[in-house]
Amino acid sequence: MKHALVTGGSRGIGRAVAERLAADGYNVVINYRANQQAAEETLAAIQQNGGCGELLPFDVSDGAAIEAALEQWSAAHPDEYISVLVNNAGIRMDSLMIFMQEESWHKVLDTTLNGFFHITRRLLKDMLTHRYGRIVNVASLSGLKGMPGQANYSAAKAALIGATKALAQEVAARKVTVNAVAPGFIATDMTKELDEGELKKMIPAGRFGKPEEVAAAVAFLASEGASYITGETISVNGGLYT
Ligand code: NAP
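Description of the structure in this document. (Residues numbered from 1 in each chain as written. Predicted model: local features only at pLDDT ≥ 70, side-chain atom pairs only at ≥ 80, totals over all residues. Heavy atoms only, no water.)

1. Quick notes on the sheet that holds strand S2 (residues 27-30)
- Here we have seven strands laid out as an open sheet, ordered S3-S2-S1-S4-S5-S6-S7, and parallel in their pairing. Each edge of the sheet is formed by a strand with only one pairing partner; in this case those strands are strand S3 (52-55) and strand S7 (233-236). Ignoring which end each strand starts from, the neighbouring axes of this sheet average 20 degrees apart.
- On the sheet, helix H2 (residues 36-48) packs against S2 and S3 and is oriented at approximately 165 degrees with respect to S3.
- Helix-sheet contacts for helix H8 (residues 211-222) involve strand S4 (82-87), strand S5 (133-138), strand S6 (176-183) and S7, and the interaxial angle to S6 is about 165 degrees. (Pairing = 2+ DSSP bridges. Helix = DSSP H or I, 4+ residues; strand = E, 2+ residues; numbered from the N terminus. Axes fitted to C-alpha atoms, helices over the stretch in contact; angles between N-to-C directions. Contact = heavy atoms within 4.5 Å.)

Below, the structure is given as structure tokens:
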């Protein structure tokens, strides 16, 4: 069985990615931090459609917790490895820079950027040994364009795109690809308090995107067919370019 880990797979984009990868034949390891009920709903939806999955809670900003959880997973699956990693977990804690608290800066960077570092470094060794792997990082339009009120989030996502390009060059010869997707406005819990009616006026497609529309791009980059694409960032934004 092929295994795919989706961080933040309990809700939103991560849930759609988990369901899509399960439909593509992966055993999906669904990570989440706190919302067990939502994670169980994701798993139930996968199983109802005949797919396979399992839950693996840990906080992506906690290096020791990541190590312990992945060690536990490896012990339960001897001789197997996670060949697809989707670094999707993310939070936003918006405020203008002048009012931004230290905590908001660090929490956003710890989740997006340190999470990427700790999990990817841990899983990379097996991908390189097996000479096959797919890493897909969920960045953002904010990381390409920069968004006022989101200096922390924009910095974290821009850094993630930079790391995607660097790592892609390190591991390409071992048939491990590293890519990113950069969603625009997608209808999830993260955007539920935004005014879609107002914001959609600037989106050429005239609406927010659906999590499934991001999942389709992630699934392509995670597929064997995307073997010659690496270091790339695919925008999924309804035409809302920088
Ligand atoms: P969401 O609906 O708020 O879901 C966030 C997911 O991340 C949840 O599964 C949550 O787990 C998990 N998570 C948060 N912090 C975590 C941590 N420290 N450790 C483990 N899991 C954690 O968000 P979303 O809209 O689907 O966003 C998913 C990704 O897409 C994020 O990286 C976000 O920055 C990016 N993105 C979203 C949009 C958008 O418009 N929605 C646009 C561009 C980029 P719990 O359920 O346990 O809380």
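From this point, the discussion proceeds with the structure in view.
2. So, the packing of helix H1 (residues 12-23) against H8
- One can describe the packing of H1 onto H8 by two numbers: an axis separation of 8 Å at closest approach and a directional angle of 50 degrees. Classed by the angle they form, the pair H1 and H8 counts as oblique. The way H1 lies across H8 gives a crossing that is right-handed. Of the residues in H8, those touching H1 at Gly12, Ile13, Ala16, Val17, Arg20 and Leu21 are Pro211, Glu212, Val214, Ala215, Ala216, Val218, Ala219 and Ala222.
- Split into classes, the residues belonging to the contact of H1 with H8 amount to eleven nonpolar, one polar and two charged. (Parallel < 35°, antiparallel > 145°, perpendicular 65-115°, else oblique. Left-handed = near helix turned anticlockwise from the far one by under 90°. Nonpolar A, V, L, I, M, F, W, Y, C, P; charged D, E, K, R; others polar.)

3. Re the pattern of salt bridges
- According to the stated counting rule, one finds ten salt bridges in the structure shown.
- Residue Glu103 pairs with Lys107 through a salt bridge whose shortest N-O separation is 3.4 Å. Taken together, the residues Glu103 and Lys107, both in helix H4 (residues 102-130) and four residues apart, mark about one turn of the helix.
- Given a relative accessible area of 47%, Glu103 falls into the partly exposed group. (Salt bridge = Lys/Arg side-chain N within 4 Å of Asp/Glu carboxyl O. Buried < 20%, exposed > 50% of the residue type's maximum accessible area, 1.4 Å probe, protein only.)

These figures come from the coordinates and say nothing about function on their own.
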